[in-house]
Amino acid sequence: MAKKKSRLDFIRMKKEGEQVAWVTAYDFPTASFAEQAGMDMLLVGDSLGMVVLGYHGTIPVTMDDCIRHCQAVRRGAPNTFCIGDMPFMSYQISDEDAVYNAGRFLKEADMDAVKLEGGRRVLTRIKAIADAGILVMGHIGLTPQSSGVLGGFKAQGRDPESARDLIEDAIAIQDAGAWALLLEAVPPELSQFLTKKLEIPVYSIGAGGPCDGQILICGDMLGLFQAFTPKFVKKYANVAEIEINAFKEYVNDVKTGKFPTDDHCYHILADRAEEYKRMLEEYM
């Protein structure tokens, strides 16, 4: 069984040019399958709001939601580096709140690190969490929790002015003590520049290939989430179609009497058949 990677492993991988492969996971079986497949990292993303809980976005997700799903993922992947995603309003109010809630991910769910969204506006939060001895990953570009401010779920950094803002954010996040940075929906030209510019690992979700690694949402890549599929997603399976067809076959079998058959039943003990029969007759 592979040894769980640490921050030092990810720094080494960046230096050696080895790509990091990671996905989101929200439950025990998915985490277990991902670990068996050799995934380098797992993120218990606040995207669980849409993929698992059926919300229209990530805003309603609570700390308790995240902790519960992190606990399930840790049980499923005990030997994989796991990151807890800090949900909306778990760090926006104050540095103290940010540290307290980041600590919950470690104390209650045995996560290895946390992730939060935002650039220079959350620098004091990043520094406070890092100063508390907790690994914190930054996240800039398309940040779903603040998509309203961004004007919707739109790619970022496509013009010089917005790209400059992201560069300033990235440098500041590194200086504040973040151990890694996630870029979402930004041009690969900018991703390549930042990956070379920064000493910390820079990862991509829809930010092209020239990063230190890639992450996808498991519901997207497995074809589980059907509401929409982002442009940057490659579907590796269509699990939704498999499940729907299986449910349809089950419904048909039940209604037509094909299931269950005798093979699916537990019969009474043969040596007590007469005694069983007499017991039933008592109620006739």
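A brief structural summary. Owing to the predicted nature of the structure, the values given are computational and were not obtained by experimental measurement.

1. As for the packing of helix H2 (residues 28-36) against helix H4 (residues 63-76)
Part 1 of the reasoning: One can describe the packing of H2 onto H4 by two numbers: an axis separation of 7 Å at closest approach and a directional angle of 40°. Accordingly, the angle class assigned to the pair H2 and H4 is oblique. Relative to H4, the crossing made by H2 is right-handed. Facing H2, whose interface residues are Phe28, Ala31, Ser32 and Glu35, H4 presents Ala72, Val73, Arg75 and Gly76.
Part 2 of the reasoning: Within the contact of H2 with H4, the residues separate by chemical class into 4 nonpolar, 2 polar and 2 charged.

2. Some details on helix H6 (residues 123-131)
Part 1 of the reasoning: Where H6 is concerned, the buried positions are Arg125, Ile126, Ala128 and Ile129. For H6, the angular spread of buried residues about the axis comes to 165°, placing them on one side.
Part 2 of the reasoning: Contacts made by the buried residues of H6 are with helix H5 (95-109), strand S4 (113-115), strand S5 (136-141) and helix H8 (160-175).
Part 3 of the reasoning: In the segment just after H6, Gly133 is the residue with positive phi, at about 85°.

3. Details of the pattern of salt bridges
Part 1 of the reasoning: Applying the stated rule across the entire model yields 16 salt bridges.
Part 2 of the reasoning: Asp165 is the partner of Arg120 in a salt bridge, and the nearest nitrogen-oxygen pair spans 3.5 Å. Of this pair, Arg120 sits in the loop between S4 and H6 while Asp165 sits in helix H8, and the two are 45 residues apart along the sequence.
Part 3 of the reasoning: Owing to a relative accessible area of 39%, Arg120 belongs among the partly exposed residues under this scheme.
Part 4 of the reasoning: In this structure, Asp169 engages Arg120 in a salt bridge whose closest nitrogen and oxygen atoms are separated by 2.7 Å. Within this pair, whereas Asp169 is found in helix H8, its partner Arg120 is found in the loop between S4 and H6, the two being separated by 49 residues in sequence.
Part 5 of the reasoning: Residues joined by salt bridges that share partners form a network here, namely Lys4, Arg74, Asp110 and Asp112.

4. Focus: the pairing of strand S6 (residues 180-184)
Part 1 of the reasoning: Burial analysis of S6 places 5 of its 5 residues in the buried class, which makes it a mostly covered element.
Part 2 of the reasoning: In the sheet, S5 pairs with S6 via 5 bridges, with the strands oriented parallel. What sits directly across from Met137, in S6, is Ala180.
Part 3 of the reasoning: Bridge count for S6 against strand S7 (residues 202-205) is 4 bridges, and the pairing is parallel. From the neighbouring strand, Glu184 faces S7, where its bridge partner is Ile205.
Part 4 of the reasoning: Following the backbone out of S6, through helix H9 (residues 188-197) and into the adjacent parallel S7, one traces a crossover that is right-handed.

5. Here's the deal with the packing of H4 against H5
Part 1 of the reasoning: Viewed as axis vectors pointing N to C, H4 and H5 meet at an angle of 35°, and their least axial separation amounts to 9 Å. Here H4 and H5 pass one another in a crossing that is right-handed. For the pair H4 and H5, contact is made by Met63, Asp64, Cys66, Ile67, Cys70, Gln71 and Arg74 and by Asn101, Arg104, Phe105, Glu108 and Ala109, respectively.
Part 2 of the reasoning: Its residues assigned to classes, the contact of H4 with H5 comprises 6 nonpolar, 2 polar and 4 charged.

Reading guide: rules and limits
Residues numbered from 1 in each chain as written. Predicted model: local features only at pLDDT ≥ 70, side-chain atom pairs only at ≥ 80, totals over all residues. Heavy atoms only, no water. Axes fitted to C-alpha atoms, helices over the stretch in contact; angles between N-to-C directions. Helix = DSSP H or I, 4+ residues; strand = E, 2+ residues; numbered from the N terminus. Parallel < 35°, antiparallel > 145°, perpendicular 65-115°, else oblique. Left-handed = near helix turned anticlockwise from the far one by under 90°. Contact = heavy atoms within 4.5 Å. Nonpolar A, V, L, I, M, F, W, Y, C, P; charged D, E, K, R; others polar. Buried < 20%, exposed > 50% of the residue type's maximum accessible area, 1.4 Å probe, protein only. Arc of directions from axis to C-beta. Salt bridge = Lys/Arg side-chain N within 4 Å of Asp/Glu carboxyl O. Pairing = 2+ DSSP bridges. Right-handed = clockwise from strand over helix to strand, strands pointing away.

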